[in-house]
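# Coordinate analysis (summary)
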Amino acid sequence: MNWKEFASAQALAQAQADEVAGWLSDAIATKNVASLAVSGGKTPARFFEVLSTRVLDWSKVTVTLVDERFVPPTSDRSNEKLTRDALLRNEAAKAHFVPLYSEVDTPEAAAEKAEYRLVEVHFPLDVVVLGMGTNGHTASFFPDAENLSELLDPKTPQTVLAVHAASAGEPRLTLTLPRLAEARHLLLHIEGGDKRDVFDEEMSADTPRLPIRFVMDAATSEPSVYWAPSKESQR
Ligand SMILES: O=C1O[C@H](COP(=O)(O)O)[C@@H](O)[C@H](O)[C@H]1O
């Protein structure tokens, strides 16, 4: 694992944007297309804003989500909304976006639709940017998910699955472990001492217990971990 530590969230956002932009440019130079899956939640906003200004041929980049809350894109809880508002603007406005959410009755039906929609995306993904909660979940692999063993199965055939977990707040949609782990570049972005402690403890445990460890262990490329103290602690 390639651990990268920064003095501030702003310094992290700049460096992470440079790294991701470089990986996307390399993919375009090699294949004429590039694919990027990003996480939601609170952490990525600053990184998204910086990445959106990086100059590359965004018209050749397809952006999708690592995971999504089963809420419409007008909701402040929507990862799609965050991505549209903070990333898909400036230079990155030219990127093609493939959402996971669709307005159907159940997350299972939405997962099925997303599975078809994602044929537009070139797998393996060139770049996956993961986040992590303090409970060790990454993507929407919540420790209390009803289908956790399916979510963490390295041979799960699906690309997208629905998730029901009491701790998640609402049902979810998530890319599956094999689709994330096979990424050409896998990056975990975490901020704050609490997340660092959870991550360090889990990574040094003899056997994997939390979802983040299962993903890190399954990665086919060396994962990069970007860490900075939380925004709050810098004020
Ligand atoms: O619910 C989610 O949580 C994680 C972590 O979010 P954060 O707010 O603690 O940064 C995120 O990676 C995931 O995409 C999101 O759906």
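Note that this is a predicted model, so its numbers are computed, not measured. (Residues numbered from 1 in each chain as written. Predicted model: local features only at pLDDT ≥ 70, side-chain atom pairs only at ≥ 80, totals over all residues. Heavy atoms only, no water.)

Not every one of the 13 residues close to the ligand is listed here, only the nearest: Gly40, Lys42, Thr43, Asp67 and Lys195. Gly40 is positioned with one of its backbone polar atoms (N or O) 2.9 Å from an oxygen atom of the ligand. Within the side chain of Asn79, an N or O atom sits 3.1 Å from an oxygen atom of the ligand. Spatially, the ligand is embedded in the largest pocket. The class makeup of the residues in the shell around the ligand is 1 nonpolar, 7 polar and 5 charged. (Near = heavy atom within 4 Å. Polar contact = N/O pair within 3.5 Å; in protein donor to acceptor, adjacent residues only side chain to side chain. 1 Å grid on protein atoms, 1.4 Å probe; cavity = no way out; pocket = protein on both sides within 12 Å on 5 of 7 lines; lining within 4 Å. Sits in = over half its atoms within 2 Å of the grid points. Nonpolar A, V, L, I, M, F, W, Y, C, P; charged D, E, K, R; others polar.)

Here we come to the nonpolar core. Of all hydrophobic cores here, the largest spans 78 residues; its most connected members are Val20 and Leu36. It is helix α1 (residues 9-31) that contributes the most residues to this core, 9 residues altogether. Setting aside anything within four residues of it in sequence, one finds Val20 in contact with Leu36, Phe47, Leu51, Val127, Val129 and Leu187. (Core = buried A, V, L, I, M, F, W, Y, C linked by side-chain atoms within 4.5 Å. Buried < 20%, exposed > 50% of the residue type's maximum accessible area, 1.4 Å probe, protein only. Helix = DSSP H or I, 4+ residues; strand = E, 2+ residues; numbered from the N terminus. Contact = heavy atoms within 4.5 Å.)

Ordered by their spatial adjacency, 7 strands build an open sheet running β1-β10-β9-β6-β2-β3-β5, and the pairing between neighbours is parallel. The outermost strands of the open sheet, each flanked by one partner alone, are β1 (2-5) and β5 (96-98). Each adjacent strand pair in this sheet contributes to an overall mean axis angle of 20°, direction not counted. Where strand β3 (residues 61-65) meets β5, 3 bridges bridge the pair, whose relative direction is parallel. Looking at the pairing, Val63 lines up with Phe97 of β5. Most of the contacts of helix α3 (residues 79-87) go to β3, to which it runs at about 145°, and overall it touches β2 (34-38), β3 and β5. Strand contacts of helix α7 (residues 193-204): β1, β9 (185-191) and β10 (224-228), with the helix running at about 130° to β9, the strand carrying the most contacts. (Pairing = 2+ DSSP bridges. Axes fitted to C-alpha atoms, helices over the stretch in contact; angles between N-to-C directions.)

Estimated volume of the largest pocket: approximately 860 Å³. As for the largest pocket, its lining consists of 37 residues, of which Gly40, Gly41, Lys42, Thr43 and Lys195 are closest to the centre. Only β4 (67-69), α3, β6 (127-130), β9, α7 and α9 (231-234) provide two or more residues apiece to the lining of the largest pocket. (Points joined across faces, edges and corners; volume = space filled by probe spheres on them.)

This part is about the side chain of Thr64. Residue placement: Thr64 occurs in strand β3. Of note is the side chain of Thr64, whose polar atom sits 2.7 Å from the backbone oxygen of Val98. Beyond its immediate sequence surroundings of up to four residues, Thr64 is in contact with Leu36, Ala37, Val38, Phe97, Val98, Leu100 and Leu118.

In this section: the environment of Ser102. Within the element layout of this structure, Ser102 appears in the loop between β5 and α4 (107-117). For Ser102, a relative accessible area of 7% corresponds to the buried category. Expressed as a C-alpha distance, the spacing of Ser102 and Glu112, which sit 10 residues apart in the sequence, is 9.9 Å. Beyond its immediate stretch of four places on either side in the chain, Ser102 contacts Phe70, Ala110, Lys113 and Arg117.

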